[in-house]
Amino acid sequence: MSEPFSSVFGAQQAQRDLVPTSMVEVERELAELSDRMFLRDVQGSEALLRTLLLEQLKHAQDKRLCAEVMVLLKKRMDDLCLILGLSGTLEIAEALDMDRFLFIEELYGSVHILILRLLSECKLPPLHPDGLSIRTARFIRKQYYNPIDLTTIAGHLHVNPSYLSHLFKREMGIGLTQYITRIRIEQAQHLLKETDWKIARIAQHVGLNDPRYFNAVFKRHTGVTPTEYRENER
């Protein structure tokens, strides 16, 4: 029989010590889940969601950790909806609302149904994990803090820049330059929340060296300035 949240996430320290679950582990699973959804890999997404909710979080017995994971998962799913051209922001918030469910299995079922619906609505074809567009996305995520553009990336991958630009937009649903900016702003948001670094340092760290330009780009993407974002998140 399923245990209610009050029991599953109870303060049973001895059992928690036997099954350590850290945000590092959880964030690794979330990143992989996000990648699988990005690839439009239904089976892989289902397997990772099961591991995350029905294994790691259930055995962690930490309701606060689960709540943090739902916040991070919502952000990742919102970002994916923007990239893949999907609707569902309100549905995502509702599906991940822990207060609506008594059992963690119910939460899993809610998120599972949402993921299946979002992926079924996506008009973009499934991608191969080692395909050119995915290798491009991985390179950008590793090198976003450096001066990179279409020519740089195409040279690194030994392909024609025009071909890469066309393929990336067709398969990913977003322009390559837009994707670079999105990754930089995503990293800036993380640094604004998790560090006390000055805005100029964060701008430089994410590859947008001019603080005024960084402020303008950040506001265009988030609707608020970096300073306002930091104040709202703390």
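Because the structure is a prediction, the values reported are computed rather than measured.

Undergrad: So what exactly am I meant to see when it comes to helix α9 (residues 150-157) here?
TA: Along an α-helix, residues three or four apart share an orientation, since each turn contains 3.6 residues. For α9, the full list of buried residues reads Ile153, Ala154 and Leu157. End-on view of α9: buried residues confined to an arc of 100 degrees, all on one side of the axis. Each element contacted by the buried residues of α9 is listed here: α8 (132-143), α10 (161-172) and α11 (176-194). Sitting at the head of α9, aspartate 149 places a side-chain oxygen 3.2 Å from the backbone nitrogen of threonine 151.

Undergrad: When you look at the pattern of salt bridges in this model, what are you seeing that I'm missing?
TA: A full pass over the atoms with the stated rule returns eight salt bridges. The closest approach of N and O atoms between lysine 74 and aspartate 78, which form a salt bridge, is 2.6 Å. In this pair, lysine 74 and aspartate 78 are both assigned in helix α5 (residues 63-84), four residues apart and thus about one turn of the helix distant. Note on lysine 74: relative accessible area 28%, which makes it partly exposed. One salt bridge connects arginine 117 with glutamate 91, and the closest N-O pair in it is separated by 3.0 Å. One end of the pair, arginine 117, is in helix α7 (residues 104-121); the other, glutamate 91, is in helix α6 (residues 89-95), and 26 residues separate them in sequence.

Undergrad: Whenever I open this one, the nonpolar core confuses me. Can you help?
TA: Inside soluble globular proteins, nonpolar side chains tend to come together where they are buried. Leu57, Met70, Met77, Leu96 and Phe214 are the most contacted members of the largest nonpolar core, which has 70 residues in total. Not counting chain neighbours up to four residues away, the residues in contact with methionine 77 comprise Met37, Ile92, Leu96, Leu114, Ile115 and Leu118.

Undergrad: Could you clarify how one ought to interpret the packing of aromatic side chains in this entry?
TA: Aromatic rings considered in pairs are described by the distance between their centres and by the relative angle of their planes. With the rule as written, the count across this model stands at four aromatic pairs. Relative to tyrosine 179, the ring of phenylalanine 168 has its centre 5.5 Å away and its plane inclined at 65 degrees; by these criteria the two rings are edge-to-face. Pair noted here: phenylalanine 168 is in helix α10 and tyrosine 179 is in helix α11, with a separation of eleven residues, a long-range link. Note on accessibility: phenylalanine 168 and tyrosine 179 belong to one class, buried. Here the aromatic rings of phenylalanine 214 and phenylalanine 218 are separated by 5.8 Å at their centres, their planes lie at 55 degrees, and the arrangement is tilted. Taken together, the residues span about one helical turn, with phenylalanine 214 and phenylalanine 218 both in helix α13 (residues 211-222) at a distance of four residues. This pair shows no difference in class: phenylalanine 214 is buried, exactly as phenylalanine 218 is.

Cut-off values and rules
Residues numbered from 1 in each chain as written. Predicted model: local features only at pLDDT ≥ 70, side-chain atom pairs only at ≥ 80, totals over all residues. Heavy atoms only, no water. Buried < 20%, exposed > 50% of the residue type's maximum accessible area, 1.4 Å probe, protein only. Helix = DSSP H or I, 4+ residues; strand = E, 2+ residues; numbered from the N terminus. Arc of directions from axis to C-beta. Contact = heavy atoms within 4.5 Å. Polar contact = N/O pair within 3.5 Å; in protein donor to acceptor, adjacent residues only side chain to side chain. Salt bridge = Lys/Arg side-chain N within 4 Å of Asp/Glu carboxyl O. Core = buried A, V, L, I, M, F, W, Y, C linked by side-chain atoms within 4.5 Å. Phe/Tyr/Trp six-rings, centres within 6.5 Å; stacked < 30°, edge-to-face > 60°.

No statement about biological role is implied by the geometric values presented.
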